[in-house]
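The lines below spell out each chain.
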Amino acid sequence: MALSWALAALSLLPLLDAQSPGCANLTARPITNATLEQISGKWFYIGLASRDPEFNRSARTIHAAFFYFDVNHTDDTILLREYLTIGNQCVYNSSFLNVQRENGTVSRYEFGKENFGILLLTKDPELFMLGFKLKDEQHKGLSLYTRKPEVTQEQMTVFHEALACVDLHKSEIAYTDEKKDLCGPVEKRHKEERLKEQEADTALG
């Protein structure tokens with residue numbers, strides 16, 4: 001089963017038309033180089049509200065999660081490096097996402113098919129969301145990602161209002177807990193390994 005933010009069978013439709021003041025803060029727009037720069041770097045997976053039973057069960061096994069987006073403007077790809085605490089262990093995965101600029105979508109291949117998702121940005125550059133089958137009452141969902149593990153009240157309000165826009169309730173959210181993170185040592189080791197590789201490349205150069 002796909003992990004935390006996996007783009008499993010996501011809708012290509014934009015968010016529903018504004019139903020509350022918070023809906024006006026959401027945008028589903030073409031992806032530009034500026035957009036890619038905005039989402040590059042480290043993010044924390046905060047939570048997901050989903051009606052899809054299987055996807056919901058999978059999300060609830062994740063105690064904490066963070067990931068890196070390394071964007072490539074030339075070939076419109078994003079290297080995803082994700083660190084997930086599941087049970088009492090850290091699970092590390094890496095994969096490539098494809099960027100469909102005009103549609104404002106990203107995708108990756110899983111289970112033998114390409115799954116798409118809409119990148120949902122707000123006025124706050126420190127967060128983004130992903131929508132899941134927003135027109136499907138039985139499977140729709142919405143997830144939240146922020147730059148820091150500590151979410152501000154304003155950011156949580158944005159998420160709650162977005163949920164209301166697609167007729168989901170905040171009581172349906174499965175939250176992560178950064179205090180349960182077990183991936184810090186793994187991340188540190190990876191950073192040290194990359195630094196050594198960079199130093200070796202510099203010496204050869």
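Conventions used here
Residues numbered from 1 in each chain as written. Predicted model: local features only at pLDDT ≥ 70, side-chain atom pairs only at ≥ 80, totals over all residues. Heavy atoms only, no water. Helix = DSSP H or I, 4+ residues; strand = E, 2+ residues; numbered from the N terminus. Expected span 1.5 Å × (residues − 1). Buried < 20%, exposed > 50% of the residue type's maximum accessible area, 1.4 Å probe, protein only. Arc of directions from axis to C-beta. Contact = heavy atoms within 4.5 Å. Phe/Tyr/Trp six-rings, centres within 6.5 Å; stacked < 30°, edge-to-face > 60°. Lys NZ or Arg CZ within 6 Å of the ring centre and 35° of its normal. Core = buried A, V, L, I, M, F, W, Y, C linked by side-chain atoms within 4.5 Å. Salt bridge = Lys/Arg side-chain N within 4 Å of Asp/Glu carboxyl O.

## Looking at helix α4 (residues 184–204)
The terminal C-alpha atoms of α4, which comprises 21 residues, lie 31 Å apart, in line with the 30 Å expected from a rise of 1.5 Å per residue. Val186, Glu187 and His190 are the residues of α4 that are buried. The buried residues of α4 all sit within an arc of 95 degrees when viewed along its axis, so they share a single face. The exposed residues of α4 that point more than 90 degrees off its buried face are Pro185, Lys188, Lys196, Thr202 and Ala203. Where the residues of α4 are buried, they touch β1 (41–50), β2 (62–72), β3 (77–86) and β4 (89–100).

## Side note on the environment of cysteine 165
Residue placement: cysteine 165 occurs in helix α3 (residues 153–165). C-alpha of cysteine 165 to C-alpha of leucine 134: the two residues are 31 residues apart in sequence and 9.8 Å apart in space.

## Points about the environment of aspartate 167
Inspection of the secondary structure assignment puts aspartate 167 in the loop between α3 and β9 (173–175). The exposure class of aspartate 167 is partly exposed, given its relative accessible area of 48%. For the pair aspartate 167 and glutamate 137, spaced 30 residues apart in sequence, the C-alpha to C-alpha distance is 8.7 Å.

## Focus: the packing of aromatic side chains
For the structure shown, the criterion picks out ten aromatic pairs. Taking the centre distance of 5.7 Å and the plane angle of 35 degrees together, the rings of tyrosine 45 and tyrosine 145 count as tilted. A residue pair is termed long-range when its members are at least 10 positions apart, and tyrosine 45 in strand β1 and tyrosine 145 in strand β8 (residues 141–146) qualify at 100 residues. By relative accessible area, tyrosine 45 is classed as buried at 1%. Aromatic ring contacts, followed pair by pair, group Trp43, Tyr45, Phe67, Phe69, Phe128 and Tyr145 into a single cluster. The lysine or arginine in question, lysine 42, covers the ring of phenylalanine 66, its NZ or CZ lying 4.6 Å from the ring centre. The residue whose ring lies beneath arginine 81 is tyrosine 68, and the NZ or CZ to ring-centre distance is 4.5 Å.

## Points about the nonpolar core
Ile39, Phe69, Ile78 and Phe128 are the most contacted members of the largest nonpolar core, which has 25 residues in total. Beyond its immediate sequence surroundings of up to four residues, isoleucine 39 is in contact with Phe69, Ile78, Leu119, Leu121 and Arg147. Ile46, Leu142, Ala162 and Ile173 belong to the second largest nonpolar core, which has 23 residues in total.

## Some remarks on the pattern of salt bridges
By the definition in use, this model includes nine salt bridges. Note that lysine 42 and glutamate 187 form a salt bridge whose closest N and O atoms lie 3.0 Å from each other. Of the two residues, lysine 42 sits in strand β1 while glutamate 187 sits in helix α4, which places them 145 residues apart along the sequence. Exposure remark for glutamate 187: the relative accessible area of 8% places this residue in the buried category. Look at the salt bridges and you will find they share partners, linking Arg51, Glu137, Lys140 and Glu172 into a network.

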